[in-house]
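Survey of secondary and tertiary structure
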Amino acid sequence: DTEVTQTPKHLVMGMTNKKSLKCEQHMGHRAMYWYKQKAKKPPELMFVYSYEKLSINESVPSRFSPECPNSSLLNLHLHALQPEDSALYLCASSLVGAEAFFGQGTRLTVV
Amino acid sequence: AQSVTQPDIHITVSEGASLELRCNYSYGATPYLFWYVQSPGQGLQLLLKYFSGDTLVQGIKGFEAEFKRSQSSFNLRKPSVHWSDAAEYFCAKIQGAQKLVFGQGTRLTINP
């Protein structure tokens, strides 16, 4: 099983809403990542969890709050987002220091 | 500083023609390099990787890449492209053990 599963696939939310993106993998990977991708741009790293601990935060605004409840799950909690936060949000996982496997992404639209 | 550079933003080739996508990386003692492919609105799929050893690496879907340390390059090749190869291609490098850094991407269009 080399699959990273992200839910939901699409999400539309208002600027005052609170929502969460979910990511799950069962490959035994101990590193998990959130990336943000705008149209026609490469993915940009947001957060890295290593062994369920936050190891990298790329100066992401606090309206994005990551959570790693266990080694298989990664969440991204969203609150008070802005329209410019609309993007494709990608989750990935890997063995530490190895190639990353990506999910299909959540297409987020903030209205 | 840009860690990975893909000089070509957009490439068009005819179906059945050969393909080479360019990638240059900034110097690293032991570069871990990757090529990913992304179809519109989809996630990224790993095509191949280079960690060490043989400098010519084979990947999925008939792709290969050659690591050339002297040129700081890791170009992706395919002898004969198919219409289904039309997509965005990203070269990437691991930076600092945990951070995957991407080039700007090359959009591949296939002419019938």
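Note that this is a predicted model, so its numbers are computed, not measured. (Residues numbered from 1 in each chain as written. Chains lettered and ligands numbered in written order. Predicted model: local features only at pLDDT ≥ 70, side-chain atom pairs only at ≥ 80, totals over all residues. Heavy atoms only, no water.)

Describing the nonpolar core
To be explicit about the condition: We call a set of buried Ala, Val, Leu, Ile, Met, Phe, Trp, Tyr and Cys residues a nonpolar core when their side-chain atoms join them within 4.5 Å. The rule is simple: take the accessible area with a 1.4 Å probe, protein chains only, and divide by the maximum for that residue type; under 20% is buried, over 50% is exposed, in between is partly exposed. Working definition: helices are DSSP H or I runs of at least four residues, strands are E runs of at least two. Numbering for both runs from the N terminus.
With 25 residues, the main nonpolar core has Leu19, Trp35, Leu47, Leu48, Phe74, Leu76 and Tyr89 of chain B as its most contacted residues. At the level of elements, strand 2 (10–14), strand 3 (19–21), strand 5 (33–38), strand 6 (44–50), strand 8 (64–68), strand 9 (73–78), strand 10 (87–95) and strand 12 (106–111) of chain B are the ones that each hand at least two residues to this core. Among the nonpolar cores identified, the runner-up in size contains 23 residues, and Leu21, Tyr49, Leu76 and Val110 of chain A belong to it.

Description of the interface of chain A and chain B
Defined as follows: Note on contacts: a residue pair qualifies if any of its non-hydrogen atoms lie within 4.5 Å across the two residues. Accessible-area loss on putting two parts together, using a 1.4 Å probe and summing over both, is the definition of buried area adopted here. A carboxyl oxygen of Asp or Glu within 4 Å of a side-chain nitrogen of Lys or Arg is what we treat as a salt bridge.
Taken together, the contact pairs 22 residues of chain A with 20 residues of chain B. For the pair chain A and chain B, the summed buried area comes to about 1,700 Å², and 54% of that belongs to carbon and sulfur atoms. Looking at the side of chain A facing chain B, the largest losses of area belong to Pro42, Glu99 and Phe102 of chain A, adding up to 28% of the total buried there. Our count for the chain A to chain B interface comes out at two salt bridges. The closest approach of N and O atoms between Glu58 of chain A and Lys99 of chain B, which form a salt bridge, is 2.7 Å.

Details of the confidence of the model for chain B
The criterion, for reference: Values of pLDDT, ranging from 0 to 100, describe the predictor's confidence in every residue of the model.
On average, residues of chain B score 93 in pLDDT, and 96% of them reach the 70 mark or higher. The element-level mean pLDDT for chain B is lowest in strand 11 (residues 99–102) of chain B, coming to 91, with strand 3 of chain B highest at 98.

Re the environment of Gln25 of chain A
Residues and elements named next belong to chain A. What counts, and what does not: In protein, a polar contact requires one atom able to donate a hydrogen and another able to accept it; more generally it is a pair of N or O atoms within 3.5 Å, and residues adjacent in sequence count only if both atoms are side-chain atoms.
Mapped onto the elements of the fold, Gln25 is located in strand 3 (residues 18–25). The exposure class assigned to Gln25 is buried, which follows from its relative accessible area of 1%. Counting along the chain gives 18 residues from Gln25 to Thr7, while the straight-line C-alpha distance between them is 12 Å. With residues near it in sequence (within four places) discarded, Gln25 still touches Glu3, Val4, Met32, Ser71, Ser72 and Ser93. Here the side chain of Gln25 touches Met27 through a polar contact of 2.9 Å, landing on its backbone nitrogen.

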